[in-house]
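Single-letter residue listing:
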Amino acid sequence: MSIVPKETIEVIAQSIGISNLSADAALALAPDVEYRMREIMQEAVKCMRHSRRTVLTADDVDSALKLKNVEPIYGFASGGPLRFRKAIGHKDLFYLEDKDIDIKDVIDAPLPKAPLDTAVLCHWLAIEGVQPAIPENAPVQVISAPSDGKIQQQKDDKLPVDIKLPVRHVLSRELQLYFEKITELAVRNSESILFKEALVSLATDSGLHPLVPYFTCFIADEVSRGLNDLPLLLALMRVVRSLLLNAHINIEPYLHQLMPAVVTCIVAKRLGKRLSDNHWELREFAANLVASICRRFGQVYTTLQTRLTKQLVNAFLNPSHSLPTHYGAIQGLSALGSNLVRLLILPNLEQYVRLLEPEMLLEQQKNKMKRYEAWHVYGALLRACGQFVHNRFKILPPLHSSGRTLMRTGARVITSGANKRKMTSENSDHLRSSKRTAIDGPITAVAPSSLQEVTTNSTLRVDSSAVPSPSSGPTPSNNGAVVGVESEAEDRDGGASTTASNSSRLNPRLSTTIEHIWKDDFDSGNLLVTLSELFGSHWKKRIMKSVLETHDECISYSMNLMISRRASLRSWASHGWTPQLAH
Amino acid sequence: MEEEGIEKLVMNYLKKKGFKQAELAFQEELQQQSQPNSTSNSLSDPDIAKLVLSFNESESGPPSYHEGYSKLRSWAYSSLDLYKHELLRVLYPVFAHCFMDLISLGYLQEARAFFNSFRDDHVMMHGGDLMKLESVLSPSHLEEMEFAHYLRHTKANIKMCQYSYDLLLQYLQKTQLTTMLGIINEHINFKVSPGQPRSISDDVGVDILFTAEDANQISAKEIQWGLLEDSLEDRLEKAGTSLFEPERADGENKEPDVDESKKKSTEGSKQNASVKKSKKDKTVGSGGKAMLPEVNTVCVAPRVKPELTLPVMSAEVEQSILEDLRNRVQLTSTALPSVSFYTFINTHNKLNCSSISQDGSLVAGGFSDSSVKVWDMAKAGQQTATSGMQGENDTSNGELGMGTNNRKRSYTLLQGHSGPVHSTTFSPLGDFILSSSADSTIRLWSTKLNTNLVCYKGHNYPVWDVKFSPVGHYFASSSHDRTARVWSMDRIQPLRIMAGHLSDVDCVQWHPNCNYIATGSSDKTVRMWDVSSGECVRIFIGHRSMILSLAISPEGRYMASGDEDGTIMLWDLATGRCLTPLMGHTSCVWTLSFSCEGSLLASGSADCSVKLWDVTRSTKLPRSEEKSGSTSRLRSLKTLPTKSTPVYTLQFSRRNLLFAAGSLSKIG
């Protein structure tokens, strides 16, 4: 009947030394105990209210006990909230976690800092009913119709009539100036240091919320107007990023206005005036922007990601769209996460590559520009798939709890991978610059040298990490998962044996663990093989031709990208093309 | 056989009731009768037998309560819509008494089962009461617990129309729910009114009617809510508007440059400067217009004679108040006040209360470590003007560290209490502070000497609230011991003790004319007491949880009360009725304050916001309008959210600048 069972009473009685408490007495006591407890809690709630709090603390219970002339319970007065643990096997039983603390630790610990003393600060919460946008005030909510926009007229019969006036939004002079200055900078002078300062200010200032609708409007307008002005677009995207970074701004209500502009910068048919404009970079920047928006507002704005994905997939799968559009769509999808790559790109990969192939070949596509674009798209695809595979591998090691050694080697592999990536990024920077010269300047003069560099680079990498063992030779016809496993395991073996002297002992275990992992993830094995097939076969052809091609740096760029992925990626890359390179 | 049955029943009955003599007599008589002729007795009416049987059955225990109540309930729910709400109102008292009857008869198990099966019906309206009732677990608790005791010994008043009443009685008699009938007869006092049932909207005021005295009867007493004769406001008006206008024009001319310098000076809160700022009244025209009716209403308000001997005001003070009144900004629904916010930082959850002096220059905080700390904001403003510059770049760190950077403490520490301080109040001139504590004492401190002057002992339990009267000298306190007391500064014994609340008296407030005080209590009522006689003159019923804050409008006509759930109710003191509930806050309303001309009400809440309400519109609306829910939205003029700072206190200065204070609480 009572929430306090009689067993509890018996236990309490025993704990205070009454061993022969009769069952009847316990039964009679139980309801009274509940009543007293409720009474104390009622008083405790009063004490809480009179301390202007909304959370009950141990102090409140203590003062309630004092009110009832009961000795307070000692030992719970520490400030922090109490942590209750659920007792295993009981539904409604909780206990307080009471950790053992070593006295030594307490003694050795440095003295805690003295708490800061109480102080009073003063600020304007409102000036004539309007809240100034200062850091002390809560960030202004979405701008709604100010109350004075609604004027109530008292007619003769005293019936109040609501008249809704158009919302008048008051902007202070300073804010107006600020807005004008920033927009002017973005449009005219986006390379200046001042603009960089402006971006920092946009990302940190707390009082900018009133300007957000104006900024979104401005960005949307300028993007639609200035599609062939690449620096402007880039500047605008930077402004978007800064606004997103600003913690004081609640940008969510304006996303619907911002998103079209940003998505345009990803998948637009043409961006920039000249063919040489590096719109690829802009697309990538915008894609990352969109991904960050999705990560931040995905929860609140649930349809955001689905709508965006739909848009991107449409752009990707429609063959009538231009290649840059495809490039943007692929970048966007891969930025949104490896899951999307798996679900949306991989199933269509084979078909798509088939379509793309003729565009990339010299004999079938005479337009140099088109070919160049096709290679870019190809690079993006490679990168998306590579990233996906990389992510797959990244989550694998922790799955394995027993293999400590594996973890260690895994860590080593990763660090080396990181180094490699750094190298390649430098390398690719170099490549990019060389690419620019290659296109603008005399091609033949530059190409060989850069190519040479690339080949040495890549061979170097191949030597250092992925020494191809005979079994992992050019056997693209094998398409079982086991092959993938083998090649993978052996590749790792090879890497390990070249770097670590005592790794031979580890090897069997390593391979078995990896096998185990691969069995866990059968899909990935299959996938890897299909990928290697798909790209590998093209790669062979491409390698043959590319030596003679003018766009070689493009390929090597992609190659490098591939190489730069972790050991896993290297494995399938080597699987496909390294032997050829060695020929 | 039937006869025997009846005899047995009668025997049982007598036994049970302990009528031993009667039992013996009955037995004797029975024996006598059984010998000669048993036929004469068999005349007994079968109806009577039935009735007796049913009576016995109904006495037989818990099932009758459960069944009876569930029947009554289903009947009430399926009754005609027009009368339904009236009939439903009967259910709650019946429910409560059924439960208590069961408890008192010792059927604890059954009582709990009964309670649990029907509690959901009443949770919404009477959640708090149910919690209390639920804890009753033995007959002795019924006697002990105030609430149950009170329910048992008073009658609930229920108003209903003639027809519903007839319906109810008919039903009960027809179905022979004698248990229910008994409870209803015993514990409910019906006020049958002829004609149509009352509209649902009236329910607000007459919701919980377990009042000891008849609230209406009390409310029939006359209350003189007018302002005092010969007040400063009057004198100001008599002195003529001629003085007023040039002053005002001067202020207008001066203000722009003052304004500029003000903005630069780190928002230092020197009252003079800030008031000048707030005086910036862009809509001169509208301000002037709004003034006219305001003046009228002040004239309309009746004047009353003071019942207390009032302290004499010095000429200088008078002069400064007059000056303030002349410079007052007129606030209306379109001209909102400026709000200066004092944020307590690094309080470590220890700040229990705060108060701000009339001119905003002093801020006091009462802490749970028994100390009272007083900040002089005028001085603090000067200090921060120099050190605040580097703090501006790095707001969070710079400002938080500021208190410690100064080698001297930035506040005056007043120590003396031996328990958490629950309330502080400034005298009207700011030269004294009163603090009330859980150690059941009230202490008087001087802000000039920074020492304790007097300790007032009288309450037996924690003193929850203390308030200086508007003229100073007198003060009122309220306590856990269910009394409110009125004191004067020069006596250590209370002058009056107001007893009558059924639970803790949580807050207290003076009427502007000093003849009355209002008290809010955990028993969910607000009472108004005559200070000179100590009598209760009004009971305001309608809140659904503990009352935390009270404010009375400056013209003395309206009162606002805020409760634990975030509801604010506006009352007309003359009639004792609720004008309108103001909904909007989502958590405890810690503080309420009327603007000086009474046109705006400001409320501060634990939901980290200050809300401004339009009083004039709230009060003028005819009752019929209120049914449409949209109007309550209109009454809220503005919500000013703070940055995770619950608002502990609000105070309009004489010039209508609103001061607010709260303690910054860490999120999460």
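This structure is a prediction, so every number in the text was calculated from the model and none was measured. (Residues numbered from 1 in each chain as written. Chains lettered and ligands numbered in written order. Predicted model: local features only at pLDDT ≥ 70, side-chain atom pairs only at ≥ 80, totals over all residues. Heavy atoms only, no water.)

(A) Up close: the overall build of chain A. Looking only at helices and strands, chain A features 21 helices and five strands. Taken over 583 residues, chain A has a buried fraction of 46%. Accessible surface for chain A amounts to roughly 31300 Å². Of this, 58% is attributable to carbon and sulfur atoms. (Helix = DSSP H or I, 4+ residues; strand = E, 2+ residues; numbered from the N terminus. Buried < 20%, exposed > 50% of the residue type's maximum accessible area, 1.4 Å probe, protein only. Areas by Shrake-Rupley, 256 points an atom, 1.4 Å probe, with all protein chains shown as cover.)

(B) Inspection of the overall build of chain B at higher detail. Secondary structure summary: chain B contains 20 helices and 31 strands in total. Looking at chain B as a whole, 53% of its 668 residues are labelled buried. Across chain B, contacts joining residues at least 24 apart in sequence account for 57% of those joining residues at least 6 apart. For chain B, the accessible surface area stands at approximately 29700 Å², while carbon and sulfur atoms represent 53% of it. (Contact = heavy atoms within 4.5 Å.)

(C) Geometry of the interface of chain A and chain B. Contact with chain A, which involves 46 residues of that partner, is made by 77 residues of chain B. Both sides together, the interface formed by chain A and chain B hides about 5900 Å², and carbon and sulfur atoms give 58% of it. Linking chain A with chain B are four salt bridges. The salt bridge involving Arg38 of chain A is made with Glu134 of chain B; its shortest N-O contact spans 3.8 Å. Run the count over chain A and chain B and you get 21 residue pairs in polar contact (both at pLDDT 80 or more). Going through the elements one at a time, α2 (23-50), β3 (119-126), β4 (150-154) and β5 (160-164) of chain A are the ones with two or more residues in the side of chain A that touches chain B. Take the side of chain A that touches chain B: its biggest share by element is 13 residues, from α2 of chain A. (Buried area = accessible area lost by both parts, 1.4 Å probe. Salt bridge = Lys/Arg side-chain N within 4 Å of Asp/Glu carboxyl O. Polar contact = N/O pair within 3.5 Å; in protein donor to acceptor, adjacent residues only side chain to side chain.)

(D) Geometry of the confidence of the model for chain A. Residues and elements named next belong to chain A. In the predicted model, chain A carries a mean pLDDT of 68, and the fraction of residues at 70 or more is 60%. Mean pLDDT across the elements of chain A bottoms out in helix α16 (residues 443-465) (38) and peaks in helix α3 (residues 58-67) (89). In the predicted structure, residues 398-506 sits below a pLDDT of 50 and forms 113 contacts with residues beyond four places in sequence or in another chain. When the criterion is pLDDT under 50, residues 561-583 qualifies, and its contacts beyond four places in sequence or with other chains add up to 53 contacts. (pLDDT = per-residue confidence, 0-100.)

(E) Quick peek at helix α11 (residues 303-317) of chain A. All names here are of chain A. The terminal C-alpha atoms of α11 lie 21 Å apart, and with 15 residues this matches the ideal 21 Å at 1.5 Å per residue to within 8%. The complete set of buried residues in α11 reads Leu304, Leu308, Thr309, Leu312, Val313, Ala315 and Phe316. Down the axis, α11 shows its buried residues gathered within 160° of arc, on one side only. Structural note: α11 exposes Arg307, Lys310 and Asn314 on the side pointing more than 90 degrees away from its buried face. Against the buried residues of α11 lie α9 (255-267), α10 (279-297), α12 (323-335) and α13 (338-360). (Expected span 1.5 Å × (residues − 1). Arc of directions from axis to C-beta.)

(F) Summary view of the packing of aromatic side chains. Residue and element names in this part refer to chain B. Scanning the model with the defined rule gives 23 aromatic pairs over all chains in all. Consider the rings of Tyr69 and Phe118, whose centres lie 4.6 Å apart with planes at 75°: the pair is edge-to-face. Linking Tyr69 in helix α4 (residues 62-77) with Phe118 in helix α6 (residues 108-134), this pair joins segments that are 49 residues apart in sequence. Classification of Tyr69 by relative accessible area gives buried; the value is 0%. The buried category is assigned to Phe118, whose relative accessible area is 6%. The ring of Phe367 carries the charged tip of Lys373 above its face, separated from the ring centre by 4.5 Å. (Phe/Tyr/Trp six-rings, centres within 6.5 Å; stacked < 30°, edge-to-face > 60°. Lys NZ or Arg CZ within 6 Å of the ring centre and 35° of its normal.)

(G) Summary view of the nonpolar core. If you look at the biggest cluster of nonpolar residues, it comprises 87 residues, and the most contacted ones within it are Ile219, Met237, Ile251, Ile345 and Leu356 of chain A. A total of twelve residues in this core trace back to one element, the largest contributor, which is helix α14 (residues 368-399) of chain A. Not counting residues up to four positions away in its chain, the partners in contact with Ile251 of chain A are Val212, Leu243, Leu244, Leu258 and Phe297 of chain A. Residues Tyr69, Leu72, Cys98 and Phe115 of chain B belong to the second largest nonpolar core, which totals 44 residues. (Core = buried A, V, L, I, M, F, W, Y, C linked by side-chain atoms within 4.5 Å.)

(H) How the structure looks around the UniProt feature "repeat: WD" (unreviewed entry) in chain B. As annotated in UniProt, the feature "repeat: WD" (unreviewed entry) corresponds to residues 344-385, 414-446, 456-497, 498-539, 540-581 and 582-623 of chain B in the numbering used here. The span residues 414-446 of chain B carries 0% helix and 61% strand; its end-to-end C-alpha distance comes to 10 Å. (UniProt positions renumbered as here; feature names shortened; annotations may be inferred.)

(I) Structural view of the environment of Gly662 of chain B. Residue and element names in this part refer to chain B. Relative to the helices and strands, Gly662 resides in strand β31 (residues 658-663). On the basis of relative accessibility, which here comes to 0%, the residue Gly662 falls in the buried class. Measuring from C-alpha to C-alpha, the distance between Gly662 and Asn352 comes to 10.0 Å, with 310 residues separating the pair along the chain. Excluding anything up to four places from it in sequence, Gly662 contacts Phe341, Tyr342, Thr343, Phe344, Thr645, Pro646, Val647 and Tyr648.

(J) Region of the structure containing the pairing of strand β30 (residues 647-652) of chain B. All names here are of chain B. Judged by how many residues are buried, β30 sits mostly within the fold: five of six residues are covered. Two elements, β30 and β31, share five bridges in a ladder whose sense is antiparallel. Note that in β31 the partner of Gln651 across the bridge is Phe659. Remark: five residues form the turn of the hairpin made by β30 and β31, two consecutive strands paired antiparallel; Asn656 in that turn has positive phi of roughly 70°. (Pairing = 2+ DSSP bridges.)

(K) Region of interest: the sheet that holds strand β9 (residues 411-415) of chain B. Residues and elements named next belong to chain B. Spatially, β6-β7-β8-β9 is the arrangement adopted by the four strands of the open sheet, whose pairing is antiparallel. Either end of the sheet is taken by a strand with one partner, and the two such strands are β6 (351-356) and β9. The sheet shows a mean angle of 20° between the axes of neighbouring strands, direction not considered. (Axes fitted to C-alpha atoms, helices over the stretch in contact; angles between N-to-C directions.)

(L) Main features of the sheet that holds strand β26 (residues 589-594) of chain B. Residues and elements named next belong to chain B. The strand order across the open sheet formed by four strands is β26-β27-β28-β29, and the pairing between neighbours is antiparallel. Strands at the two margins of the open sheet, each flanked by one partner only, are β26 and β29 (636-641). Along the sheet, successive strands turn relative to each other by an average axial angle of 15°, direction set aside. Bridge count for strand β28 (residues 609-614) against β29 is five bridges, and the pairing is antiparallel. What sits directly across from Val610, in β29, is Leu640.

(M) Molecular detail of unusual backbone geometry. Residues and elements named next belong to chain B. Phi is positive for Asn349, close to 60°, though the residue is something other than glycine. Tracing the backbone through its elements, the reader meets Asn349 in the loop between β5 (339-345) and β6. Under the relative-accessibility criterion, Asn349 is labelled exposed at 56%. Phi at Arg482 takes a positive value of approximately 70°, unusual for a residue other than glycine.

(N) Representation of the packing of helix α7 (residues 212-225) of chain A against helix α8 (residues 230-245) of chain A within the structure. Residue and element names in this part refer to chain A. Here α7 crosses α8 at 155°, and the two axes come no closer than 10 Å. Relative to α8, α7 is oriented roughly antiparallel. In the crossing of α7 with α8, the sense of the turn from one axis to the other is left-handed. Between α7 and α8, the contacting residues are Phe215, Phe218, Ile219, Glu222 and Val223 on the first element and Leu232, Leu233, Leu236, Met237, Val239, Val240 and Leu243 on the second. Residues that form the contact of α7 with α8 fall into these classes: eleven nonpolar, no polar and one charged. (Parallel < 35°, antiparallel > 145°, perpendicular 65-115°, else oblique. Left-handed = near helix turned anticlockwise from the far one by under 90°. Nonpolar A, V, L, I, M, F, W, Y, C, P; charged D, E, K, R; others polar.)

(O) Structural detail: the packing of α10 of chain A against α12 of chain A. Residues and elements named next belong to chain A. Axis separation between α10 and α12 bottoms out at 8 Å; the angle between their running directions is 35°. Taken as a pair, α10 and α12 cross one another with a handedness that is right-handed. In this structure, α10 contributes His279, Trp280, Arg283, Glu284, Ala287, Asn288, Ala291 and Arg295 to the contact, and α12 contributes Pro324, Thr325, Tyr327, Gly328, Gln331, Gly332 and Ala335. In the contact of α10 with α12, the residues fall into six nonpolar, six polar and three charged.

(P) Examining a nonpolar patch on the surface more closely. On the surface, Ile73, Phe76, Leu82, Phe84, Phe94 and Leu96 of chain A cluster together into a nonpolar patch covering about 550 Å² of accessible area. Examined against the element boundaries, Leu82 of chain A turns out to sit in the loop between α3 and β1 (84-86). (Patch = residues over 30% accessible without salt bridge, like charges linked within 9 Å, V, L, I, M, F, W, Y side chains within 5 Å.)

(Q) Expanded view of the environment of Val329 of chain B. Residues and elements named next belong to chain B. When you line up the elements, Val329 lands in the loop between α16 (315-326) and β5. Judged by relative accessible area, which is 8%, Val329 ranks as buried. Residues Val329 and Arg655, 326 residues apart in the sequence, show an inter-C-alpha distance of 6.0 Å.

(R) How the structure looks around the pattern of salt bridges. This model, assessed by the stated rule, comprises 20 salt bridges over all chains. For the salt bridge of Arg36 of chain A with Glu39 of chain A, the shortest nitrogen-to-oxygen distance reads 3.3 Å. Here Arg36 of chain A and its partner Glu39 of chain A are both found in helix α2, three residues apart, which amounts to about one turn of the helix. On the basis of relative accessibility, which here comes to 28%, the residue Arg36 of chain A falls in the partly exposed class. Salt bridges sharing common partners tie together Glu34 and Arg38 of chain A together with Arg112, Arg119 and Glu134 of chain B.

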